[in-house]
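Structural description and commentary
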Amino acid sequence: MIQMFSSVRWRLIWIGVLVALCGFALVPETVVDEETGTSDLVWPLKLGLDLQGGMHLAVEIYDPEGTLTGEDLNDAVERTLTTIRNRIDEFGVREPTIQRSGNRIIIELAGVDDPERAKRIATETAYMEFKIITDGRAFLSALERLDRAIVNEVGIENLEVTSLETEPEVDLGEILGTVPDSAEDAAAPDSMAETDDPAETVDPATARPLSALLGQGRIPGEFLVASENQPTTAAWLELDGVREAIPREVTVHWGVEDVGAGGSSYVPLYVLEAEPLITGDMLQDAGPANRDPTFNQPLVPFETTRRGARIFERGTARNINQNMAIVLDDRVQSYAVIRQTLSRRAQIELTPGSSLQEAQELALVLRAGALPMPIQVVEERNVSASLGEDSIRQGRTAFIIGIVGVIILMMFYYRAAGVLAVGALVVYVVLMLGGLAGLDATLTLPGIAGLILSIGMAVDANVLIFERVREELAAGKTPRTAVEAGFGNALSAIVDANLTTLITGIILFQFGTGAVRGFAVTLCIGILASFFSAIYVTRTFFIMYLNRRGSRESVSI
C-alpha cells in the first residue's frame, strides 16, 4: 500500500511538472513598441496567416533565357532566400515564415499592416550603381543608326513616324530654360508630326521614329520623352537590333521622376557611362534616413567598405564638376554634381516629392543587400484581418462544441470513469497548447482541425481502455485487477493507432507546405499529448479513484 501511494505521488509530480511547464509557455508576453513606447500583452501561441490575416507570396528567380541550371540555380535561390530573410527581419514583421520549396521561396507575413510595402521590400532587386552622366554626344551621333534599327525591326508600315526634315512643334529647351549651349545645336526634335499613311508618304531611309520622340533635357546627357510615348520608346530600346546599335561605352536608363514642361509631363532618359564608379555590393551600411533641413528633401546616408572607398575616391576625383547618377534597379533615382572628391561616407538624395518612408525603405534594402538576380512573384494571396477573425471565431466554436460534446458523452456513457477521462482531457489541452507555444509552432486553421482530430483520438484511446475494463469486470475479476488488465490489453491497439497516424503526420510535415504543414505539426503534437494523457494521466486518476474505494466495491464504468 505504501508503495502504491508513493507511485501515485510520483505520477502526480510528473504530471504537475509537465502541466506547469506548458502553462508557463502560455503566459502572455509584454511587448513594447519602440516608436510609440506603448506596451501590449501578446499571447505566445503564434497565429498563422489564415487566422490573423497578412500576405502570402511565392517567388522564383527570373531567368527567362534559362541560363541558370543545377548548382548555379541552387546557389542563386539560397542567396535570394538569405537576402529576403534579412530584409524581412529589418522590416520588423513578428514571426515571419520564409522557407524554400524546390526552386520557389515561400514568404508568409502574418499580421502585416501594409502588404504592398512588405511585398515591395521583399521583391525589389535593389541593385545599385553610381554612374557618370555623359554629355550625350555619343548617343546623339548614333541616333540615325538607332532609327534605322527600329525601322528594320518593327517595319515602316507599323510605325507612325516623321521624316528627318520635320520641324519640332515644341522646344523643351526654351520652356525649361536649362539647355546648355554645347548641347543646344545637337538636340533632337521634340515632337512627332503624324501622317495619314506613313507607309506611303515617309521614306524608310529618312524615317526618324526615335529622334522625333526625344527632346533635350535639363542637363547634357538627359533627354525627355512625353509620358504617353514612354512605353513605346522603352519597347524600342529593348529590341535586340537597337541595343546593338547603342554605343558600347554608354548605357541608357529611365528616371523615376517625371518632368513637367509646357503643361505636359515627360519622362527623363539618361545616357550614362557603361562602367559604374561603384556598385551596391561595396556598401557597408546605409541609413538612418532623414531630411535635408534646407529643402526638406529625403536623404539616405551610406558608408562604403574600405575597398569601395578607395575606388569611389579615385572615380570621383576624375570627374569633378560632372553629374553623377544613382541608379537603383536600372532606374536613375537621383543625380548630383560632384563638387569634391568623395570617399567612404556620402548620401543619396531622393527626388523631390519622395516621402521619408520611401527613404527608409531604400536604406533598409541597401543594408540587407541586393538580390543576386531579379525575382518574379508567381503566387500572391492577401488574407484580410476580418477573414482571420471569422476563422478564429468558427474554429473556437467548433473546438468548444467538440469538447462539450465529448464531455457530455463520456460522463453519460461511462459515468465516474468518464469524469476521470474528462480530467485527463483537460490535462491534454494544456499539454497540447503549451507544446505548440513552447516549440514556437504556428497555429493555423487546418491546425485547429488537427487539434480537434487529436481530441477525438484521445477520447478514442479512453474508449478502448474502458471497454476492455468492462470486459474484465464482466469476466468476474476484481475492480483493481480489471483496471490493470484493461489498460494492459488496450495498450497495443492504442500504440498501433497513434503510431500509424504519427507517421502520416511526419510525412505530411516533411513534404507538405503552408497549411498542410500547420495541420501536420498540430496533429503530431496532439497525438503525443493524447497518448500521454490516455495511458499515463487517465491511469493515474484511476489508481487514485480505486485507492479511495474498497477493494471489493464496484467501479462506476
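Here is a short report on the structure shown in this document. (Residues numbered from 1 in each chain as written. Predicted model: local features only at pLDDT ≥ 70, side-chain atom pairs only at ≥ 80, totals over all residues. Heavy atoms only, no water.)

This brings us to the packing of aromatic side chains. Evaluated as defined, the whole model comprises 11 aromatic pairs. Here F130 and F312 contribute two aromatic rings whose centre-to-centre distance is 5.6 Å and whose plane-to-plane angle is 55 degrees, an arrangement assigned as tilted. Taken together, the residues span a long stretch of sequence, with F130 in strand β7 (residues 128-132) and F312 in helix α12 (residues 306-317) at a distance of 182 residues. On the accessibility criterion, F312 (0% relative accessible area) is buried. Taking 6.3 Å as the distance between ring centres and 85 degrees as the angle between the ring planes, the aromatic pair formed by F542 and Y545 counts as edge-to-face. Note that F542 and Y545 are positioned in helix α17 (residues 515-547) at a spacing of 3 residues, about one turn of the helix. The same class applies to F542 as to Y545, namely buried. (Phe/Tyr/Trp six-rings, centres within 6.5 Å; stacked < 30°, edge-to-face > 60°. Helix = DSSP H or I, 4+ residues; strand = E, 2+ residues; numbered from the N terminus. Buried < 20%, exposed > 50% of the residue type's maximum accessible area, 1.4 Å probe, protein only.)

Most of strand β9 (residues 222-226) is tucked away: 5 of the 5 residues are buried. With burial as the criterion, each face of β9 is covered, one bearing E222, L224 and A226 and the other bearing F223 and V225. Alignment of strand β8 (residues 215-216) against β9, held across 2 bridges, turns out to be antiparallel. Within β9, the position partnered with G215 by the bridge is L224. Once β8 ends, the chain turns through 5 residues before running back antiparallel as β9, passing G221 with a positive phi of about 90 degrees. One ladder, built from 5 bridges, connects β9 with strand β12 (residues 264-273); its direction is antiparallel. Residue E222 lies in a different strand from β12, and its bridge partner there is Y270. (Pairing = 2+ DSSP bridges.)

Using the criterion set out here, one finds 13 salt bridges in the structure. Put simply, E60 and R104 hold a salt bridge, and the shortest N to O gap is 2.8 Å. Placement of E60 in strand β4 (residues 54-61) and of R104 in strand β6 (residues 104-110) is noted, with a sequence separation of 44 residues between them. Judged by its relative accessible area of 24%, E60 is partly exposed. The exposure class assigned to R104 is partly exposed, which follows from its relative accessible area of 33%. R470 serves as the salt-bridge partner of E467, at 3.6 Å between the closest nitrogen and oxygen. Here the residue E467 and the residue R470 both occupy positions in helix α15 (residues 445-474), the gap between them amounting to 3 residues, near one helical turn. Taking relative accessible area as the criterion, R470 reaches 23% and is therefore assigned partly exposed. (Salt bridge = Lys/Arg side-chain N within 4 Å of Asp/Glu carboxyl O.)

Regular strands show a simple pattern: their side chains alternate between the two faces of the sheet. A large share of β12 lies buried, amounting to 7 of its 10 residues. Two strands pair when backbone bridges link them, and strand β11 (residues 259-261) and β12 are joined in this way by 3 bridges, in the antiparallel orientation. Considered in β12, the bridge of A261 is made with S264.

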